[in-house]
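These are the residues of each chain, in order.
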Amino acid sequence: MAVPGVGLLTRLHLYAQRRTRVQRPVLRLLSCPGTVAEDLRRDEQPSGSKETGFEDKIPKKRFSEMQNERREQAQRTVLIHCPEKISEKKFLKYLSQHGSINNHFFYESFGLYAVVEFCQKESVRSLQNETHAPSKGMEVAIPFRSRFFNLKLKNQTSERSRVQMSNQLPPSSKKLFEVLCDAENIDDQLNTLLKEFQLTEENTKLRYLTCSLIEDIAAAYFPDCIVRPFGSSVNTFGKLGCDLDMFLDLNETRSLSTHKTSGNFLMEFQVKNVPSERIATQKILSVIGECLDNFSPGCVGVQKILNARCPLVRFSHQASGLQCDLTTNNRIALTSSELLYIYGALDSRVRALVFTVRCWARAHSLTSSIPGAWITNFSLTMMVIFFLQRRSPPILPTLDSLQTLADAEDKCIIESNNCTFVRDLNRIKPSENTETLELLLKEFFEYFGNFAFNKNSINIRQGREQNKPDSSPLYIQNPFETSLNISKNVNQSQLQKFVDLAQESTWILQQEHLDGPSISGNQPWGLVALLLPSGASRKSLGKKKSRKPANERIKVLLESIKSNRTENFTDTNGKRQISTQT
Ligand code: GTP
Ligand code: MG
């Protein structure tokens, strides 16, 4: 959504409110009630944290616990397409005939939707039993009983009130710039960016509900299957609008045959065999893809991408507005998500830094939603983790040290790859490093702006640079499939672009530092300067040094923002897309 440049005039006063470099506790800005960040704050505070001193008494949830709780919650939840005007009170009264409602929220995505979580699963069944398939004139409805409903009004005119909407979108560039310029210092800016972009509690619920609805479809073939979200939806690094990666877990179905033994007898299912795991995956996904396309309400644009390295079914879940990728036989990716979840929860600076680097990379087109030679968000996250392992004292432990902390329960071998690491967050000692986010960001750019990419690889398992085993421009060792490079796709020119921008960003942050707190002006500063296109921010900072009159600096700012506002934030469906482009 492009914002006309002239509209920016109305907010210039915000830039004029010069920040004071007051050091605030890192965690203060993360306390946004009802958000995932708040959950993390409550559930996953680093023990012994200096901020409040009480965090180490709070038990931190394991990834599997969190996933199971969310899944169970989603199974008691329904999705309802509502009329535009509706009385919330009457709506809830009507639904509570089926049982008590635990919580609910409304959101907009080409229409008004309600997500309603009942206290009991039985209530969902009761609602389904009282619902009928619509008759649609000449068309014939496929009588599929899902948990996605359509609410109609018998009397359209009687409902007048509008309900309060939960936001599912990231901030516009305009709003982002406003809040960032209004921050007190660079640390504050990083935390503000995190707060603005992180998945909200409602968005997380919607993601688990979407998986649960897809699970209902897949269960028609595989009754014991589980559709688990993975990737940035659950690894704590997801930005509002990120895709929803789903993993069709058939392990329960498969393992049944191995566990049912008694005496001398061993019972197995009669099954069909295929020559390889890959062919089995392709067959399963092909059938589920067909099913989604033909029977699942709200799933559109179903594409079966079965010849990819990791076969998948891609589709849009219209009602949630989520772009979904369904895979199976991809357990290592789920384990990677668990590892990132642990890293994200260990220290409050990790997420703020990762979000900032991801937004910075997106703003400079280093990453893209289209596959190609670009660096991926996953690779960027690995780079931040590696950098934090290299600090002195380290902010994050190496994967090898997480493996040493593992107990018997944590032992995990997937396709002969060792995926063992400690799952209990409470057993990992917090870092003693107290560096500020501003310093870490500057050092991150400096570190990678000067990294010997030509000879060294990045390895979070050992937390140290190693000789590259091949000539790929960027080599980031896959933490579990250790002979693989997760950034094999990145070409030399994309890597060079990354290095150049990292060097330029170091320079920008150094200027910020030199300016100190006393300078007043209306320029984009700190993070905003980093997120602007490189020419614009350099120009703007150049002006700052030479102290041009304020009106000229404002002009530069407007021009730089306007020139960068040309990108229209729409996707192929013409829908507003979630973008960090600034
Ligand atoms: P977004 O860009 O926000 O979607 O980040 P993401 O972390 O969800 O990345 P993506 O959707 O591309 O991939 C989903 C998950 O698959 C990642 O979080 C990783 O766990 C895993 N993954 C992605 N790329 C690779 C790769 O190259 N190698 C391996 N082993 N796993 C990968
Ligand atoms: Mg993803």
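Residues numbered from 1 in each chain as written. Chains lettered and ligands numbered in written order. Predicted model: local features only at pLDDT ≥ 70, side-chain atom pairs only at ≥ 80, totals over all residues. Heavy atoms only, no water.

- With an unreviewed UniProt entry as reference, the protein is termed Mitochondrial poly(A) polymerase, source organism Callithrix jacchus.

1. Focus: the packing of aromatic side chains
By convention here, two paired aromatic rings are described through the distance between centres and the angle between planes.
Now for step 1: Scanning the model with the defined rule gives 21 aromatic pairs in all.
Now for step 2: Pairing F63 with Y341 gives two aromatic rings, centres 5.2 Å apart and planes at 65 degrees, and the pair type is edge-to-face. With F63 in helix α3 (residues 63–75) and Y341 in helix α11 (residues 331–346), this pair connects stretches of sequence that are 278 residues apart.
Now for step 3: Classification of F63 by relative accessible area gives buried; the value is 4%.
Now for step 4: On the numbers, 4.7 Å between centres and 50 degrees between planes, the contact of F451 with F453 is tilted. Judged on exposure class, the residue F451 and its partner F453 are both buried. (Phe/Tyr/Trp six-rings, centres within 6.5 Å; stacked < 30°, edge-to-face > 60°. Helix = DSSP H or I, 4+ residues; strand = E, 2+ residues; numbered from the N terminus. Buried < 20%, exposed > 50% of the residue type's maximum accessible area, 1.4 Å probe, protein only.)

2. Remarks on the sheet that holds strand β11 (residues 322–328)
Now for step 1: The strand order across the open sheet built from five strands is β5-β6-β11-β10-β9, with neighbouring strands paired in mixed fashion. Whereas interior strands pair on both sides, the edge strands pair on one side only; in this sheet they are β5 (226–230) and β9 (299–305). Adjacent strand axes in the sheet meet at a mean angle of 25 degrees, parallel and antiparallel pairs treated alike.
Now for step 2: Judged from the six bridges that link them, strand β10 (residues 312–317) and β11 form a sheet pairing that is antiparallel. Bridging across to β11, V313 finds its partner in L326. (Pairing = 2+ DSSP bridges. Axes fitted to C-alpha atoms, helices over the stretch in contact; angles between N-to-C directions.)

3. Section: α3
Now for step 1: Between its terminal C-alpha atoms α3 stretches 18 Å, which fits the 18 Å expected from 13 residues at 1.5 Å a residue.
Now for step 2: The set of residues buried in α3 consists of F63, M66, Q67, R70, A74 and Q75. For α3, the angular spread of the buried residues around the axis is 165 degrees, confining them to a single face. (Expected span 1.5 Å × (residues − 1). Arc of directions from axis to C-beta.)

4. Here's the deal with the packing of helix α7 (residues 186–197) against helix α12 (residues 348–363)
Packed helices, taken two at a time, are described by their axes: the angle between them and the distance between them.
Now for step 1: Interhelical geometry of α7 versus α12 gives an angle of 80 degrees and a closest axis separation of 9 Å. When the axis of α7 is compared with that of α12, the two are roughly perpendicular. For the pair α7 and α12, contact is made by L190, N191, L193, L194 and F197 and by R351, A352, L353, F355, T356 and C359, respectively.
Now for step 2: The class makeup of the residues in the contact of α7 with α12 is eight nonpolar, two polar and one charged. (Parallel < 35°, antiparallel > 145°, perpendicular 65-115°, else oblique. Contact = heavy atoms within 4.5 Å. Nonpolar A, V, L, I, M, F, W, Y, C, P; charged D, E, K, R; others polar.)

5. Looking at the site of ligand 1
Now for step 1: Taken together, 16 residues lie around ligand 1, and S232, D243, D245, N377 and N478 are the ones closest in.
Now for step 2: Within the backbone of A333, an N or O atom sits 3.3 Å from an oxygen atom of ligand 1.
Now for step 3: In this structure, R358 approaches ligand 1 through a side-chain N or O atom, which is 3.5 Å from an oxygen atom.
Now for step 4: Within the complex, 78% of the 600 Å² of free accessible area of ligand 1 lies under protein.
Now for step 5: Take the shell around ligand 1: its biggest share by element is three residues, from α11.
Now for step 6: Both domain 2 (201–252 + 275–333) and domain 3 (345–531) contribute no fewer than three residues apiece to the shell around ligand 1. (Near = heavy atom within 4 Å. Polar contact = N/O pair within 3.5 Å; in protein donor to acceptor, adjacent residues only side chain to side chain. Areas by Shrake-Rupley, 256 points an atom, 1.4 Å probe, with all protein chains shown as cover. Domains from an automatic or database assignment.)

6. Here's the deal with empty space enclosed by the protein
Now for step 1: In total, this model carries seven cavities of 30 Å³ or more according to the counting rule given.
Now for step 2: In this structure, the second largest cavity occupies an estimated 70 Å³ of space.
Now for step 3: In terms of lining, the second largest cavity is formed by F144, S146, F148, L213, I214, I217, S296, P297, C299 and H317.
Now for step 4: For the lining of the second largest cavity, the element with the highest residue contribution is helix α8 (residues 201–218), accounting for three residues.
Now for step 5: In the lining of the second largest cavity, the residues fall into seven nonpolar, three polar and no charged.
Now for step 6: Here the lining of the second largest cavity spans two domains, and each of domain 1 (63–133 + 141–170) and domain 2 (201–252 + 275–333) adds at least three residues to it. (1 Å grid on protein atoms, 1.4 Å probe; cavity = no way out; pocket = protein on both sides within 12 Å on 5 of 7 lines; lining within 4 Å. Points joined across faces, edges and corners; volume = space filled by probe spheres on them.)

7. Things to note about the environment of F91
Now for step 1: Here F91 is to be found in helix α4 (residues 88–95).
Now for step 2: The spatial distance from the C-alpha of F91 to the C-alpha of L151 is 9.6 Å, given a sequence separation of 60 residues.
Now for step 3: Ignoring any residue separated from it by four or fewer positions in sequence, one finds F91 in contact with I80, C82, I86, F106, A114, V116 and L151.

8. Topic: unusual backbone geometry
Now for step 1: Residue P393 follows S392 across a cis peptide bond; omega there is -5 degrees.
Now for step 2: Relative to the helices and strands, P393 is located in the loop between α13 (377–389) and α14 (399–404).
Now for step 3: A positive phi is found at F110, a non-glycine position, where the angle reads about 50 degrees.
Now for step 4: In this fold, F110 is placed in the loop between β2 (101–108) and β3 (112–118).
Now for step 5: A positive phi angle, near 55 degrees, is found at N329, a position not held by glycine.
Now for step 6: Secondary-structure assignment places N329 in the loop between β11 and α11.

9. Quick word on the side chain of D325
Now for step 1: Relative to the elements of secondary structure, D325 occurs in strand β11.
Now for step 2: At 2.7 Å, the side chain of D325 forms a polar contact with the side chain of R314.
Now for step 3: Each residue touching D325, except ones within four places of it in the same chain, is listed here: D243, L244, D245, M246, L312, V313 and R314.

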